[in-house]
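Listed below, chain by chain, are the residues.
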Amino acid sequence: MDCLLNIGGLHLLIAGTPWTDATVPLNFRPFVCNGTDMPAAAATLSIETADSLPDAPAGRPLSVSYNDLGKASLHDAGTEWCVALTPCPGQYPRLMHIDKGLRRAVIGLRADDSYANFVIDSMSRIFFSQFAASCGALMVHASVVGCDSRAFLFMGKSGTGKSTHSRLWTETFSGCTLLNDDCPLITADDRGILVHGTPWSGKTPCWRKASLPLCGIARLRQAPLNRFTPLSGIEAFVAFIPGMSVMTSDKKLYSAASSTALTILDLTNTGILECLPDSDAAVSCRKALDKEY
């Protein structure tokens, strides 16, 4: 079946999935559009099955990353980008070819691939992140909570304690809830700066189709004390850009994403939070970011 998703106002069509209405993965279901009309600005990710698949591109990849997606390597295939995703050691790479216009991509899968859902989930996240950046939006590696109808976004290296800090907020402040725990979407348009839930929330099953205006951004660092340092200008930009989910190899795309980041940061309270894993850290952070608190 074909599955049309609405994520923060951006549309992604996943065509040719092995799913039925009853087997659409839980994380995608809140974002499925009931209508059949294809929005003009939608991106399309097609799933093609075959008995045999081509080998990964020869030559040294432009980049290689290891994370919850598995091993992902990026190759320049002329008119296309090629992403080779190896789900786990001992597995063969699955390939996704992305048109450099960032509106169409194709994944090749064997019909009996037991990793099909994992590959579609991971590849759709990679492709949608690039599509979003080309539309003036950003997918970021962060955890985000909603508090008093505003979003507070926490960034940092893996293992820094982003999820823990979000949990501290939900435990400390009445009515505070988790919006997304790994890959929220930020849009900057005539609606303002908004943070949106997405189908990708890491290990936390938080797949909320919800949007909130962005109030503040904190980059977390583990420390023996709680201290917030406000950032602005180039310092805020340097703290923010490591969390952007965008290909650095596409210079035009990366430049556009950087411009979007500058727009977001110019309108958003931002800083570094050195912190302990305690409720005082949440209070210190909110006092610094939320001028109404």
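Notes on the structure in this doc start here. (Residues numbered from 1 in each chain as written. Predicted model: local features only at pLDDT ≥ 70, side-chain atom pairs only at ≥ 80, totals over all residues. Heavy atoms only, no water.)

### Side note on the overall build of the chain
- When its secondary structure is counted, the chain shows five helices and 17 strands.
- A compact globule built from 293 residues would reach a C-alpha radius of gyration of about 19 Å, and the chain, at 19 Å, matches this within 12%.
- With the C-alpha coordinates of the chain rotated into their principal frame, the extents come out at 60 × 40 × 35 Å.
- Evaluated residue by residue, the chain yields a buried proportion of 51% over its 293 residues. (Helix = DSSP H or I, 4+ residues; strand = E, 2+ residues; numbered from the N terminus. Rg over C-alpha atoms; globule rule 2.2 N^0.38 Å. Buried < 20%, exposed > 50% of the residue type's maximum accessible area, 1.4 Å probe, protein only.)

### Quick word on the packing of aromatic side chains
- Summed over all chains, the structure comprises eight aromatic pairs.
- Ring centres 4.8 Å apart and planes at 40° place the aromatic pair Phe152 and Trp169 in the tilted group. With a gap of 17 residues between them, Phe152 in strand β11 (residues 150–155) and Trp169 in helix α2 (residues 162–172) connect regions that are remote in the sequence. Assigned by exposure class, Phe152 and Trp169 land together as buried.
- Seen in terms of ring centroids, Phe154 and Trp169 are 5.3 Å apart; in terms of plane orientation they differ by 50°. Their pairing is tilted. Here the residue Phe154 occupies a position in strand β11, and Trp169 occupies one in helix α2, the gap between them amounting to 15 residues. When sorted by exposure, Phe154 lands in the same class as Trp169, which is buried.
- Within the aromatic cluster, the residues linked to one another by ring pairs are Trp19, Phe28, Phe128, Phe131 and Trp200.
- One cation-aromatic arrangement involves Arg94 over Tyr92; the distance from NZ or CZ to the ring centre is 3.8 Å.
- Residue placement shows Arg286 over the ring face of Phe173; its charged tip is 4.8 Å from the ring centre. (Phe/Tyr/Trp six-rings, centres within 6.5 Å; stacked < 30°, edge-to-face > 60°. Lys NZ or Arg CZ within 6 Å of the ring centre and 35° of its normal.)

### What to know about the environment of Phe31
- Here Phe31 shows up in the loop between β2 (10–15) and β3 (43–50).
- Once the C-alpha coordinates of Phe31 and Lys291 are considered, the two residues, 260 residues apart in sequence, prove to be 33 Å apart.
- The residues contacting Phe31, other than those within four sequence positions of it, are Leu4, Leu5, Asn6, Ile7, Gly197, Thr198, Pro199, Trp207, Arg208 and Lys209. (Contact = heavy atoms within 4.5 Å.)

### Things to note about the packing of α2 against helix α5 (residues 279–289)
- Relative orientation of the contacting elements α2 and α5 amounts to 85°, with a least axis distance of 9 Å. The orientation of α2 with respect to α5, classified from their angle, is roughly perpendicular. Along the contact surface, α2 presents His165, Leu168, Trp169 and Thr172, while α5 presents Ser279, Ala281, Ala282, Val283, Cys285 and Arg286.
- Each residue belonging to the contact of α2 with α5 can be placed in one class, and the counts come to six nonpolar, three polar and one charged. (Axes fitted to C-alpha atoms, helices over the stretch in contact; angles between N-to-C directions. Parallel < 35°, antiparallel > 145°, perpendicular 65-115°, else oblique. Nonpolar A, V, L, I, M, F, W, Y, C, P; charged D, E, K, R; others polar.)

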